[in-house]
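Read off the chains here:
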Amino acid sequence: MLTEIQQLFGFQYYCVFDTSRLDEGEPISFLFPSNVPAAVSCKIEERLTNFVAQLSQHLPGTLGPMPWNIIQKQAIGEITAETAEMFRASGITMGISFPALGISSWPRLIGFLGDRACLDIDEIEQLNVLVFHLHVRLGIIDHAKNEERQPLSGLEKQVLFLALDGDGFDVIAEKIGLSSITISYLVSSICSKMEVATFEHAVAVTLRRGLAR
């Protein structure tokens, strides 16, 4: 449904953030897969902690759609010129976020980003109705996922931190004393548990958070 909404309204990307995971010891940020480029998603996540703190000051049910554009954010100093240029190079000049405060216990954010004209009032209202139902569905799914979630194993963390040191898979396999096939399996498991599309994204999120070994 996320992809259908993205295409229907002419966006390039969608993302779903579960902000309750920002303070967790595991490098997990995404609630569901996103098609936003990893470098861009990390930049978005860097701002989420302060953003969530602002959201938490609102009463449940008082938050609505939050449209934005790159020019505005750069003008008020929320993002640097370098970050703005990176967004533009990725085909992102505007977007809209829908917090779920009041629908779920934590502010979940569903966002759509792209390079299209600003949304008119009718489009925002249509999106708001669709996303409201999405939040309800995701809340049910998230409850089930949280019951099944497993932290990274010690071996998976070892692979991840060796990758942070710049070691390739062959070197990691030699250091740990495992086959390359086993390393590939561990990498796949890491990506699955962290709910990211690539191992590079897993490393990038871990590096940004500076997690202790």
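Whatever comes next refers back to the structure up there.
Attention here is on the structure that accompanies the text. As the structure is a computational prediction, the values presented were derived from the model and not from experiment.

1. Side note on the overall build of the protein
Piece 1. Looking only at helices and strands, one finds 10 helices and four strands in the protein.
Piece 2. A separation of at least 24 residues holds for 68% of the contacts in the protein among residues at least 6 apart in sequence.
Piece 3. Taken as a whole, the protein presents about 11,200 Å² of accessible surface, with 55% of it coming from carbon and sulfur.

2. Comments concerning the packing of helix H8 (residues 169-176) against helix H9 (residues 180-194)
Piece 1. With their axes 9 Å apart at the nearest point, H8 and H9 run at an angle of 105 degrees to one another. The angle between H8 and H9 places the two elements in the roughly perpendicular class. Residues Phe169, Ile172, Ala173 and Ile176 of H8 touch H9, and the partners they reach there are Ser180, Ile183 and Val187.
Piece 2. The residue inventory of the contact of H8 with H9, partitioned by class, reads six nonpolar, one polar and no charged.

3. As for the pairing of strand S1 (residues 13-18)
Piece 1. Among the six residues in S1, six count as buried, and that is most of the element.
Piece 2. Because side chains alternate across S1, one face comprises the buried residues Tyr13, Cys15 and Phe17, and the other comprises Tyr14, Val16 and Asp18, equally buried.
Piece 3. The sheet contact formed by S1 and strand S4 (residues 108-114) spans six bridges and is antiparallel. Bridge assignment links Phe17 to a residue of S4, and that residue is Leu109.

4. Remarks on the packing of aromatic side chains
Piece 1. Throughout the structure, instances matching the rule amount to two aromatic pairs.
Piece 2. Between Arg116 and the ring centre of Phe11, over which it is positioned, the NZ or CZ distance is 5.8 Å.

5. A few points about the side chain of Gln6
Piece 1. For Gln6, the position within the fold is in helix H1 (residues 2-8).
Piece 2. Among all residues touching Gln6, those that are not within four sequence positions of it are Phe11, Gln12, Tyr13, Tyr14, Asn35 and Phe112.

6. Topic: the nonpolar core
Piece 1. Formed by 18 residues in total, the largest nonpolar core has its most connected members in Val159, Leu160, Ile183, Ile190 and Phe199.
Piece 2. Only helix H7 (154-164), H8, H9 and helix H10 (199-209) provide two or more residues apiece to this core.
Piece 3. Not counting the four nearest positions on each side in its chain, Ile183 is found in contact with Val159, Phe169, Ile172, Ala173, Ile176 and Leu178.
Piece 4. Formed by 17 residues, the second largest nonpolar core is a distinct cluster that contains Leu2, Leu119, Leu127 and Leu138.

What counts, and where the lines are drawn
Residues numbered from 1 in each chain as written. Predicted model: local features only at pLDDT ≥ 70, side-chain atom pairs only at ≥ 80, totals over all residues. Heavy atoms only, no water. Helix = DSSP H or I, 4+ residues; strand = E, 2+ residues; numbered from the N terminus. Contact = heavy atoms within 4.5 Å. Areas by Shrake-Rupley, 256 points an atom, 1.4 Å probe, with all protein chains shown as cover. Axes fitted to C-alpha atoms, helices over the stretch in contact; angles between N-to-C directions. Parallel < 35°, antiparallel > 145°, perpendicular 65-115°, else oblique. Nonpolar A, V, L, I, M, F, W, Y, C, P; charged D, E, K, R; others polar. Buried < 20%, exposed > 50% of the residue type's maximum accessible area, 1.4 Å probe, protein only. Pairing = 2+ DSSP bridges. Phe/Tyr/Trp six-rings, centres within 6.5 Å; stacked < 30°, edge-to-face > 60°. Lys NZ or Arg CZ within 6 Å of the ring centre and 35° of its normal. Core = buried A, V, L, I, M, F, W, Y, C linked by side-chain atoms within 4.5 Å.

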